[in-house]
Amino acid sequence: MSAQNVLYDVPGPRAKRRNVLLTVVFLVALAALIWWVVQSLADKNQLEWVKWRPFFTDSRAWETYILPGLKNTLIAAALSMVIALPLGALFGIARLSDHWWVRGAAGTVVEFFRAIPVLILMLFANAAYSEYTDISPASRPLYAVVTGLVLYNASVLAEIVRAGILSLPRGQTDAAKAIGMRKNQVMRHVLLPQSVTAMLPAIVSQLVVIVKDTALGGALIGFSELLASVRPMSANYGANTIASFTVVSVIFVVLNFALTSFASWLEGRLRRGKKSTGAVVTADAVETLATPGEHLGRDDLGGTGGTSSK
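Since the structure is predicted, the reported quantities are computational estimates derived from the model, not experimental observations.

Definitions and limits used
- The residue count restarts for each chain, going from 1 along the sequence in the order it is written.
- Reporting of local features is limited, given that this is a predicted model, to residues whose pLDDT is at least 70; pairs of side-chain atoms are given and counted only at 80 or more, and all residues count toward the totals for whole chains, interfaces and linings.
- Computation of side-chain values: all heavy atoms of the structure, hydrogens and water removed.
- For the purposes of this entry, the term helix denotes a DSSP run of H or I that reaches at least four residues, the term strand denotes a run of E that reaches at least two, and both are numbered from the N terminus.
- We call a residue buried when its accessible area falls under 20% of the maximum for its residue type, exposed when it is over 50%, and partly exposed in between, using a 1.4 Å probe and counting protein chains only.
- The contact criterion used throughout is that any non-hydrogen atoms of two residues lie within 4.5 Å.
- Each accessible area is a Shrake-Rupley estimate made with a 1.4 Å probe; only the visible protein chains count as cover when residues are assessed.
- When the centres of two rings from Phe, Tyr and Trp lie within 6.5 Å, Trp using its six-membered ring, the rings pair. Their planes under 30 degrees apart give stacked, over 60 give edge-to-face, and anything left gives tilted.
- To estimate the expected span of a helix, subtract one from its residue number and multiply by 1.5 Å.
- Definition used for salt bridges: Asp or Glu carboxyl oxygen within 4 Å of a side-chain nitrogen of Lys or Arg.
- Residue types Ala, Val, Leu, Ile, Met, Phe, Trp, Tyr and Cys, when buried and joined through side-chain atoms within 4.5 Å, form a set referred to as a nonpolar core.
- Whenever a helix is involved, its axis is fitted only over the stretch in contact; in every case the axis is a line through C-alpha atoms, and angles between N-to-C directions fall within 0 to 180 degrees.
- Every angle not falling under 35 degrees, over 145, or within 65 to 115 is termed oblique; those three ranges are roughly parallel, roughly antiparallel and roughly perpendicular.
- By definition, turning the near helix anticlockwise from the far helix through less than a right angle yields a left-handed crossing, and turning it clockwise yields a right-handed one.

**Concerning the overall build of the protein chain**
Then, number 1: Counting secondary structure elements, the protein chain contains 13 helices and 0 strands.
Then, number 2: Relative to its full complement of 310 residues, the protein chain shows a buried share of 34%.
Then, number 3: Long-range contacts, defined here as pairs at least 24 residues apart, represent 70% of the contacts in the protein chain between residues at least 6 apart.
Then, number 4: Surface exposure of the protein chain reaches about 19,000 Å², of which carbon and sulfur atoms provide 65%.

**Quick notes on the packing of aromatic side chains**
Between two aromatic rings, the relevant description is the distance of the centres plus the angle of the planes.
Then, number 1: For the coordinates displayed, the defined rule picks out 5 aromatic pairs.
Then, number 2: With 5.1 Å between their ring centres and 80° between their planes, F112 and F113 make a pair best called edge-to-face.
Then, number 3: On the basis of an interplanar angle of 70° and a centroid distance of 6.0 Å, the ring pair of Y129 and Y143 is categorised as edge-to-face. Here Y143 lies in helix α8 (residues 140-166) and Y129 lies in helix α7 (residues 118-132), a separation of 14 residues in the sequence.

**Quick word on α8**
Side chains of residues three or four places apart in an α-helix project in the same direction, reflecting 3.6 residues per turn.
Then, number 1: In this model α8 runs 39 Å from its N-terminal to its C-terminal C-alpha over 27 residues, within 8% of the 39 Å that 1.5 Å per residue would give.
Then, number 2: With 20 of 27 residues buried, α8 lies mostly within the body of the structure.

**Quick notes on the pattern of salt bridges**
Then, number 1: Counted by the stated rule, this structure contains 5 salt bridges.
Then, number 2: Two residues, R60 and D58, come together in a salt bridge whose shortest N-O distance is 3.1 Å.
Then, number 3: Note that R162 is salt-bridged to E159, the shortest N-O span being 3.0 Å. A residue pair is termed a helical-turn pair when its members lie 3 or 4 positions apart in one helix, as R162 and E159 do in helix α8 at 3 residues.

**Some remarks on the nonpolar core**
Then, number 1: Ranked by internal contacts, the top residues of the largest apolar core, which has 50 residues, are I66, V145, L191 and L226.
Then, number 2: Of all the elements in the fold, those that place two or more residues in this core are α5 (60-94), α7, α8, α10 (183-220), α11 (230-236) and α12 (241-276).
Then, number 3: When residues of this core are assigned to their parent elements, the largest contribution, 11 residues, is made by α8.
Then, number 4: Sequence-distant contacts of L191, that is, excluding residues within four places in its chain, are made with I165, L168, Q172, T173 and V186.

**Some thoughts on the environment of I203**
Then, number 1: Within the element layout of this structure, I203 appears in helix α10.
Then, number 2: Residue I203 is classed as buried on the basis of its relative accessible area of 14%.
Then, number 3: Measuring from C-alpha to C-alpha, the distance between I203 and V161 comes to 8.6 Å, with 42 residues separating the pair along the chain.
Then, number 4: In this view, I203 contacts L85, L157 and I160; residues no more than four positions away in its chain are not counted.

**Notes on the packing of α5 against α8**
Packed helices, taken two at a time, are described by the angle their axes make and the gap between the axes.
Then, number 1: Two elements in contact, α5 and α8, have axes separated by 6 Å at closest approach and are oriented at 40°. The angle between α5 and α8 falls in the class oblique. Note on packing geometry: the crossing formed by α5 with α8 is right-handed.

It is worth stressing that arrangement in space is one thing and function is another; only the former is reported here.
Shown next as structure tokens:
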């Protein structure tokens, strides 16, 4: 019996005909929907070349509106990623601490900021910076957006890190402790390196969320990001709102596709690297990781011809 037959029943002649019919119906419905959308846009003169021409013939549309907004989006996203990743890893590891007060404090912080919508965090941060700091009004929206994104996404990344570490077999920790490694050494040298590949898809998904959530700053606190450039651009080029939104959407798609493609390449490289490394932990290497005051001889490691230090 083939694996295909085990997973599901092979469709018979009637089922095949039904599947073909459903596929045809779906394609016809999809084509009708696309035709209706295109026709509606054409009826409202949204497909006229004059509305799309600025993006192909006028460099000012890019230099004045799109590129400055894209720059601000990339700055906010990059700052948020650089701060949220290590902060999330720190809180994720803290939630696995043996000390209840460390574990409880980290868990409280993570659950609190994970439960608050990121837009509310941005609004609170903007109000706090306005009330209690001397940050200029021009820079305040960037600070507020980065603060909101960091607080929310660091708490989500903390849970991703914690789940990635807990997904490893318990034997990894036991084996590391058996050769004398301390808890922080087990975390740094054994658990974290192995869990990175397991965590990478979820981490990349959260980084994509960071890029998209920068648009929230332009909605309510006046952050001049990529999506916020649509309104002045549309007003300047004759109400070409659909064209402006389309161009901005394509740029977001390209950004997120580049990010996920890089992550897929990195994940594959990490997995190939783990498969191809033939590294062997020697006795000398184990001795450097052993607890202070302890010395493991070759006999303790199953070797021959060595003696244990007393």
